[in-house]
Protein chains: 2
Amino acid sequence: MPKKTIISMAVIKRLPKYYRYLGELLRNDVERISSKELADRIGFTASQIRQDLNNFGDFGQQGYGYNVRFLYEEIGKILGLTRTYNTVIVGAGNIGQAIANYTNFEKLGFHLKGIFDRNPKLIGISIRDIVIQDVDNLENFLKNNHIDIGIICVPKEQAQKIADIFVRCGVKGIWNFAPTDLSVPEDVIVENVHLSESLLTLSYRLNEAELFKGKTGR
Amino acid sequence: MPKKTIISMAVIKRLPKYYRYLGELLRNDVERISSKELADRIGFTASQIRQDLNNFGDFGQQGYGYNVRFLYEEIGKILGLTRTYNTVIVGAGNIGQAIANYTNFEKLGFHLKGIFDRNPKLIGISIRDIVIQDVDNLENFLKNNHIDIGIICVPKEQAQKIADIFVRCGVKGIWNFAPTDLSVPEDVIVENVHLSESLLTLSYRLNEAELFKGKTGR
DNA sequence: TAGATTGTTAATCGATTAACAATC
DNA sequence: TAGATTGTTAATCGATTAACAATC
């Protein structure tokens, strides 16, 4: 029986990883798995896995472990993958096009319904049968189509403006690739993908490693 | 004077954000800033900012705060931005091309030296004056060019194979866009960008309210 | 039944926040 | 000097790990 708890971000961020590993196990026809075995594969502790899962329900069985298919499906439900999501991409530059072309998201139930840009050279071009529209049509499009997730791939200077349009038109989820923080009401969820921050984290760690070169550990 | 401490991942991941905000302040000709003021802008606590910075040195001054330019430069040093990095991209599909075209990384000192793919239709094409080479040349290229960071943009099935080549050729940093976990020796740093995990986190949070609706606590 | 492994409580560890003396 | 704000220690909070009774 699921408990009414506020789940910490730390737990939430591990869920997709569980889902990915269980999906692999499933494809390899593994029927059951213990928290210990899963822990060894993922690199978590068995204790953490059991704690994490027990935030959502009693999915396992003493003496047996977890049924892979069942757990996979349960985590799918938890992640909201039993429904579909309509999305639009704003900004059809490098990243926008890459995301638009990435068909794996379709398989998970994220359906791309529109692509917008302000560059006349891009407007009218199709990506996966979706014609790039003038961003001036965005607001109107959002009023006529229910969109769950707006994907922001514009330069940082324009990101907040696009976010404001999303908010105004009832889009509740924003996947933000612009290197800036957006301000939105609290009922709107923003998930950031800040590539430069990721790269800088890498360069920090590269130099930290250099620093300890020749020494043991780490 | 930097202290010999092991810095936690939580702190490291905040550093690029400090760097970004300080860069903005600098461009807006802000000369000094207190931890309180910076906290209000970023959305951290002043205490946390002071704690974070004091892992690396005494950058502030009582009664004054922090000099924006000085702190910006110091964090740049900490992040390893006083040197340059040679990079290669393996996989010239959607994401690979997007990263290759993203010139902001050049400005930070990350220089793209090569792009590799196995698709004959892509080999020979140029992106930003860099000719896409056959991935069969990768190992040879790495032996003749010092590459600091290898960027993996191939499908997940081939990612580990590419990582192995990187490791074998002395590449110490891997920026991994393939939706899989790589196994590498501990002196090699892997920074993952798992886009589907990010998207699933968003869909979880979009549905979170629904998930616990009507369920009783304990 | 006996062994295995969960769900869950308790202990530990780490990270964040609060407080304040030091000092510019 | 007086006010401001740091650097740093102490207190709190939260997350992870360990332990084990429950039970399949």
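As the structure is a prediction and not an experimental result, all values here were calculated from the model.

**Q** Now, about the UniProt feature "DNA-binding region" (unreviewed entry) in chain A: what can you tell me, with residues and values included?
**A** UniProt annotation of "DNA-binding region" (unreviewed entry) refers to residues 17-56 of chain A when read in the numbering used here. From the first C-alpha to the last, residues 17-56 of chain A spans 16 Å; its make-up is 70% helix and 5% strand.

**Q** An account of the packing of aromatic side chains is requested, with residue identities and associated values reported.
**A** The full count for this structure, using the stated rule, is 18 aromatic pairs over all chains. Taken together, a centroid distance of 6.3 Å and an interplanar angle of 85° make the contact between Y204 of chain A and F56 of chain B edge-to-face. Residue Y204 of chain A is found in helix α9 (residues 195-211), and its partner F56 of chain B is found in the loop between α3 (46-54) and β2 (60-61); the two belong to separate chains. Aromatic side chains F116 of chain B and F141 of chain B sit 5.3 Å apart centroid to centroid with 70° between the ring planes, which places their arrangement in the edge-to-face category. On the criterion of sequence distance, the pair formed by F116 of chain B in strand β5 (residues 110-117) and F141 of chain B in helix α7 (residues 138-144) is long-range, its members being 25 residues apart. Assigned by exposure class, F116 of chain B and F141 of chain B land together as buried. Of note, R14 of chain A hangs over the ring of F44 of chain A, and the distance from its end group to the ring centre comes to 5.9 Å.

**Q** Break down the sheet that holds strand β2 (residues 60-61) of chain A for me, citing the residues and quoting the values.
**A** All names here are of chain A. Taken together, the 3 strands give an open sheet; going across it, the order is β1-β3-β2, and neighbouring strands pair in antiparallel fashion. Only two strands of the sheet have a single neighbouring strand rather than two, namely β1 (32-33) and β2. Pairing analysis gives 2 bridges linking β1 to strand β3 (residues 65-67), with the strands arranged antiparallel. Residue pairing for β3: I33 is matched across the bridge by Y66.

Calculation criteria
- Residues numbered from 1 in each chain as written.
- Chains lettered and ligands numbered in written order.
- Predicted model: local features only at pLDDT ≥ 70, side-chain atom pairs only at ≥ 80, totals over all residues.
- Heavy atoms only, no water.
- UniProt positions renumbered as here; feature names shortened; annotations may be inferred.
- Helix = DSSP H or I, 4+ residues; strand = E, 2+ residues; numbered from the N terminus.
- Phe/Tyr/Trp six-rings, centres within 6.5 Å; stacked < 30°, edge-to-face > 60°.
- Buried < 20%, exposed > 50% of the residue type's maximum accessible area, 1.4 Å probe, protein only.
- Lys NZ or Arg CZ within 6 Å of the ring centre and 35° of its normal.
- Pairing = 2+ DSSP bridges.

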